[in-house]
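If you want the building blocks of each chain, they are given just below.
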Amino acid sequence: MRCPHCQHETRERARFCGTCGASLDRMVACPRCAALQPQGKRFCDSCGEALSLDGGAPAPPRDARAYTPRHLAEKIFTTRGALEGERKQVSILFVDVVDSMRLADGLGAEDWHRILDRVFEILASSIHRLEGTINQFTGDGVMALFGAPVAHEDHARRACHAALAARDDLRAYADTLRGRGIELAVRIGINSGEVVVGKIGDDLRMDYTAQGHSVGLAARVEQLAAPGTVLLTEATAQLVEGFFELADAGVRAVKGVNAPIRVVELRGIGPARTRLDATGPRGLSRLIARDAELAWLDRILSRSIASDGQIVGVVGEAGVGKSRLCLEFVQRCRARGVAVYEVHCPAHAATVPWFAMRDLLRSFLGLAQGDEVDAIRRGIAEQLRALDAGLVEAVPLVLEVLGIGDAAAPGHAPRPTRELAGFMRRFFRLRSANQSGLVLIDDAHWMDRASDDLVGEIAAAVRGTRTLLLANFRPEYRPGWIGGSHYHQLALSPLGEEAGRELLRDLLGLDNSLGELGARILERTGGNPFFTEEVVQALAASGSLVGEHGAYRLTAPIEALALPVTVQALLASRIDRLGERAKHLLEAAAVIGKQFDEPLLREVSGVVDDRDLDAALSMLQEQDFLRLVTLAPHPEYAFKHPLMGDVAYHSQLGERRARLHAAVATALETLHADRLGEYASLIAHHWEASGMRFEAARWKRRAALNVANIKVSPRRPRRTP
């Protein structure tokens, strides 16, 4: 946290400032941006929010538990031990009612309370649907976080979807009030950046420290928004470009920010459905070193077309190119005259029942988003009748899955899944009997459970058809419908060294100024195509690279390659989905280094039970976090991807990292007491990283003497508590 008196950065939960000695216990947190303020202040000096009702007593806070769905609250509570005290890439959303004081003055207290409660219900529903968390109620609005406490790789998209849903639902509610002469409107602002999650209370309230004024800037942008509109900072707009309809709202001066900032209005949903769609003007990079995989898929397709339906799972870590490979294969299928039906599963829809199946049915039936309900009903009836006259009775069921017609009415009871499963089996077999087809499920690991069950019905019906069911997913996804002699799995690996260099030549070009930059990027990204492209894009966006795709030149030496926020959020979300023990083990491993042995990890992590350690290590290997390097003399592991270790390390607060570094140094001294000279330099590094400079100096001296082949006494160093 930062002392509000002298602005000195001090440790989390400190009671006094270490620089000026000011007490931090007598501070009050701003209800809007959470900046600490001395008691007695009437307004926050960060965002201008009123701090009290009467100049003294703070406004009574609302309890977030009353608005948070049970499943989301349980998810936070059961994992908060692994979430507290971490850095997170998040999107912060602020909403407030425009002219709330004027509205309240014109209404009785009871009426205003009733209206405000309905506003909060609408906001909470929109936010929680996308797994955002309401961190604070601000009197006439809310502050919500997407990406914390539970990390999401698509936090900015979730925040934008929630903002649009809230805007539209509140407009509809405002229409019902207009007849009473009440003009209700809200304004919404979103910013993306880094925060530190502190303690998570039993009321779901989070203490956090904003990094780079992330939260305060979101609050300021919301104040700039016109009634009924949503404004984004440029940082958020860059993360969602293509997925949403955006309009430049100009450069605005913002109080507390030195230079004017560019803001963007969020207007609606954009055309892009996937990250590949959203590449926009950049276009897609050339597919490199995947010819063997494409040829293998072609052979499986040929078997499928010959009335021997097959299933293929393309499995690989995030960013390795699963969707890109499938896109290339889809284009080949269309060129061969094979009908393609596809569904793309976004992360934010993983909890929405039938979301994936809805899109797959639309693809099967050739429906467009803008079609009228009556036209859809007639079209579905005609297609089902053409397949089998008996299927016409299933039209209401199909409309229900599509979420249109009578099924969309409030209080409508959903049909049993068994009835839908029977229809899907029958429909699929009839549709596939005489027509060759490819059914693609992209990012199947994000598929909602109801759709997953129905895909199992399709998978069971594939045999004897002319269909190839192709799904791509990450290693942690274990669908129940894989297996059997007609199932094949393609494990997609990162690019090899030569292929990685070829990709970098395509991305960067061959300018002399680039020097060893390509080799440094390749080493850091480990041959992962998405990570490689994101690092290059981040360097171009920062101005370090000038030019265009395939023709860049380096303008200044680069000391360190920054981790793009897109990659950081993606990897952090994968880490957060681990169990608490496995996550803490991974974080301890990240402090040890890129490679470590099992005895050292046991000492540092504190996991002494062999069964618990083995179970956690097995999980980390199965889900592609770690790989076994050698078994003898002790099992030795390394991070499967270099950047995974970086994210696991930097997400921890400095205080925790320091403790772990000290634990590593102590463990090295104990485990290698007979070879201390060999490990002296490494021990010195960990003591220095822990902040124990005296111990670090002693071991540096010993390392220097060892290099010079000077024998020294094996005197144990003094411990500093």
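Residues numbered from 1 in each chain as written. Predicted model: local features only at pLDDT ≥ 70, side-chain atom pairs only at ≥ 80, totals over all residues. Heavy atoms only, no water.

1. Some remarks on the overall build of the protein chain
What counts here: Only DSSP runs of H or I covering at least 4 residues are called helices, and only runs of E covering at least 2 are called strands; the numbering of each starts at the N terminus. Accessible area is worked out with a 1.4 Å probe on protein chains only. A residue is then buried under 20% of its type maximum, exposed over 50%, and partly exposed in between. Contact criterion: two residues are considered in contact whenever any of their non-hydrogen atoms come within 4.5 Å of each other. Accessibility throughout is a Shrake-Rupley quantity obtained with a 1.4 Å probe, and a residue counts as covered only by protein chains that appear here.
Along the protein chain, the regular secondary structure elements total 24 helices and 20 strands. Counting across all 721 residues of the protein chain, residues that qualify as buried make up 51%. A separation threshold of at least 6 residues defines the contact pool for the protein chain, and within that pool the share at least 24 residues apart is 68%. About 32900 Å² of surface is accessible on the protein chain, with carbon and sulfur atoms providing 50% of the total.

2. So, the environment of Val 254
Tracing the backbone through its elements, the reader meets Val 254 in the loop between β9 (244–252) and β10 (261–269). Considering only alpha carbons, one finds Val 254 and Leu 224, 30 residues apart in sequence, at a separation of 8.7 Å.

3. Brief notes about the packing of helix α15 (residues 517–525) against helix α16 (residues 529–542)
Definition in use: Helix axes use the C-alpha atoms of the stretch in contact, all axes being lines fitted to C-alpha atoms, and the angles between their N-to-C directions lie in the range 0 to 180 degrees. To sort the angles, those under 35 degrees are grouped as roughly parallel, those over 145 as roughly antiparallel, those from 65 to 115 as roughly perpendicular, and the leftovers as oblique. Working rule for handedness: look at the near helix, and if it is turned counterclockwise from the far one by less than a right angle, call the crossing left-handed; if clockwise, right-handed. Charged residues are taken to be Asp, Glu, Lys and Arg, nonpolar residues to be Ala, Val, Leu, Ile, Met, Phe, Trp, Tyr, Cys and Pro, and polar residues to be all remaining types, Gly included.
At a minimum axis distance of 9 Å, the contact between α15 and α16 shows a crossing angle of 130°. It follows that α15 is oblique to α16 by the angle criterion. The two elements α15 and α16 meet at a crossing, and its hand is right-handed. Judged by residue contacts, Leu 517, Ile 521 and Thr 525 of α15 engage Phe 531, Thr 532, Val 535, Val 536 and Leu 539 from α16. Considering only residue class, the contact of α15 with α16 consists of six nonpolar, two polar and no charged.

4. Examining the sheet that holds strand β20 (residues 636–639)
We count it as follows: Pairing between two strands is assigned when DSSP locates at least 2 bridges connecting them.
In space, the three strands of this open sheet follow the order β18-β20-β19, with antiparallel pairing throughout. Two strands bound the open sheet, and with one partner strand each, they are β18 (595–597) and β19 (626–630). Averaged over all pairs of adjacent strands, the angle between their axes in this sheet comes to 35°, without regard to strand direction.

5. Points about the sheet that holds strand β14 (residues 467–473)
The five strands are arranged β12-β13-β14-β11-β15 in an open sheet whose pairing can be described as parallel. Edge positions in the sheet fall to β12 (339–344) and β15 (487–491), since each has one partner strand and no second. If you compare each strand with its neighbour and ignore which way they point, the axes differ by 15° on average. Two strands pair when backbone bridges link them, and strand β11 (residues 310–315) and β15 are joined in this way by five bridges, in the parallel orientation.

6. A short note on the pattern of salt bridges
We count it as follows: The rule for a salt bridge is simple: a side-chain nitrogen of Lys or Arg has to be within 4 Å of a carboxyl oxygen of Asp or Glu.
Scanning all chains against the criterion turns up 42 salt bridges. Notably, a salt bridge pairs Glu 587 with Arg 656, separated by 3.3 Å at the nearest N-O pair. One end of the pair, Glu 587, is in helix α18 (residues 580–592); the other, Arg 656, is in helix α22 (residues 654–671), with 69 residues separating them in the sequence. A relative accessible area of 2% means that Glu 587 is categorised as buried. Of the charged contacts, one joins Asp 609 and Arg 611 as a salt bridge, the two residues approaching to 3.9 Å between their closest N and O atoms. For Asp 609, a relative accessible area of 29% corresponds to the partly exposed category. When salt bridges that share partners are traced, they join Glu 110, Asp 111, Arg 114 and Arg 180 into one network.

These values are about where atoms sit, not about what they do.
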